[in-house]
Amino acid sequence: MIVASDTGAAALRPPVPTWLVTGPRAGAREAAIAALLPKEGASVIILEGLSDGGSALSFDPTDGPVPYDTVPQVLRIAPGCLHCSGNLILRVTLNRVLRRPPARLYISLASAEHLEQLRSWLSEAPYGALLELQDDIAASSQPVD
């Protein structure tokens, strides 16, 4: 478990703005995140589960220039309720990400069933001091233009 006192850098940095993203399909959640990514600053995106295919978050420089200063880091974790699984997978992933905190963090959830419990867990120590939870993003099942 990471705590703010584990690294001197954690005490010097402001909390990372963090959004929890929900929606009926992986593709819709990924498109919603892609539409909100700023061009500058490092973003990390944690996606629960597999892509629907043709992800809006595939950044391949061989396809042409990527429109970001820093290419967003996309991390996929195994599907399963992040709250019910004891948060182990998410905890390990967050600890790795927060060693070098990004400018912003997006966490895409395969199910919103326990969204409030997860939000509460992320608000407690140690993550409460490291993350600044923003309003949730509810991805539409409609395609994003």
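Counting of residues starts from 1 at the beginning of each chain's written sequence and follows it residue by residue. Local features in a predicted model are, by the rule used here, given only for residues with pLDDT of at least 70; side-chain atom pairs are given and counted only at 80 or more, and totals for whole chains, interfaces and linings are based on all residues. Computation of side-chain values covers all heavy atoms of the structure but excludes hydrogens and water.

1. Some details on the packing of helix H3 (residues 88-97) against helix H4 (residues 115-123)
Here is step 1 of the chain: Every axis in this analysis is a line fitted to C-alpha atoms, fitted for helices over the stretch in contact. Angles between the N-to-C directions lie between 0 and 180 degrees. Put simply, DSSP H or I for four residues or longer makes a helix, DSSP E for two residues or longer makes a strand, and each gets a number counted from the N terminus. Between H3 and H4, the shortest axis-to-axis distance is 13 Å and the interhelical angle comes to 40 degrees. Considered as vectors, H3 and H4 are oriented oblique to each other. Considering the relative orientation of H3 and H4, their crossing is right-handed. Across from Leu90, Arg91 and Leu94 in H3, the residues of H4 making contact are Leu118, Trp121 and Leu122. For classification purposes, angles smaller than 35 degrees are called roughly parallel, those larger than 145 roughly antiparallel, those between 65 and 115 roughly perpendicular, and all remaining angles oblique. Here is the rule for handedness: rotate from the far helix to the near one, and if that takes an anticlockwise turn smaller than a right angle the crossing is left-handed, while a clockwise turn gives right-handed. Whether two residues are in contact is decided by their heavy atoms, any of which lying within 4.5 Å being enough.

2. Points about the environment of leucine 98
Here is step 1 of the chain: When you line up the elements, leucine 98 lands in the loop between H3 and strand S4 (104-108).
Here is step 2 of the chain: Between the C-alpha atoms of leucine 98 and proline 15, which are 83 residues apart in sequence, the distance is 9.9 Å.

3. Let's talk about the layout of surface pockets
Here is step 1 of the chain: A volume near 180 Å³ is recorded for the largest pocket.
Here is step 2 of the chain: As for the largest pocket, its lining consists of Ala42, Val44, Gln73, Leu75, Ile77, Thr93, Arg96, Val97, Arg100, Pro101 and Pro102.
Here is step 3 of the chain: Listed by contribution, the elements that provide at least two residues to the lining of the largest pocket are strand S3 (73-77) and H3.
Here is step 4 of the chain: Of the residues contributing to the lining of the largest pocket, the split by class is seven nonpolar, two polar and two charged. With a 1 Å grid laid over protein atoms only, a set of points is called a cavity when a 1.4 Å probe fits there but cannot get out and a pocket when it is open yet has protein on both sides within 12 Å along at least five of seven lines; lining residues have an atom within 4 Å of a point. Grid points are joined across faces, edges and corners, and a volume is the space filled by probe spheres set on the points. Think of it as three bins: nonpolar holds Ala, Val, Leu, Ile, Met, Phe, Trp, Tyr, Cys and Pro, charged holds Asp, Glu, Lys and Arg, and polar takes everything else, Gly as well.

4. Structural notes on the pairing of strand S1 (residues 16-22)
Here is step 1 of the chain: Across the seven residues that make up S1, a large majority, six, are buried.
Here is step 2 of the chain: DSSP bridges decide pairing: two strands pair if at least two such bridges lie between them. Where S1 meets strand S5 (residues 131-133), three bridges bridge the pair, whose relative direction is parallel. Its bridge partner being in S5, proline 17 is matched across the sheet by glutamate 132.
Here is step 3 of the chain: Here S1 pairs with S4 via four bridges, running parallel. Along S4, the bridge assignment pairs valine 21 with serine 108.
Here is step 4 of the chain: Across two bridges, the pairing between S1 and strand S6 (residues 137-138) is parallel. Within the sheet, the bridge partner assigned to threonine 22 lies in S6 and is alanine 138. Three labels apply to residues, based on accessible area from a 1.4 Å probe with only protein chains included: buried if under 20% of the type maximum, exposed if over 50%, partly exposed otherwise in between.

Everything listed here is a matter of coordinates, which is why it stays silent on function.
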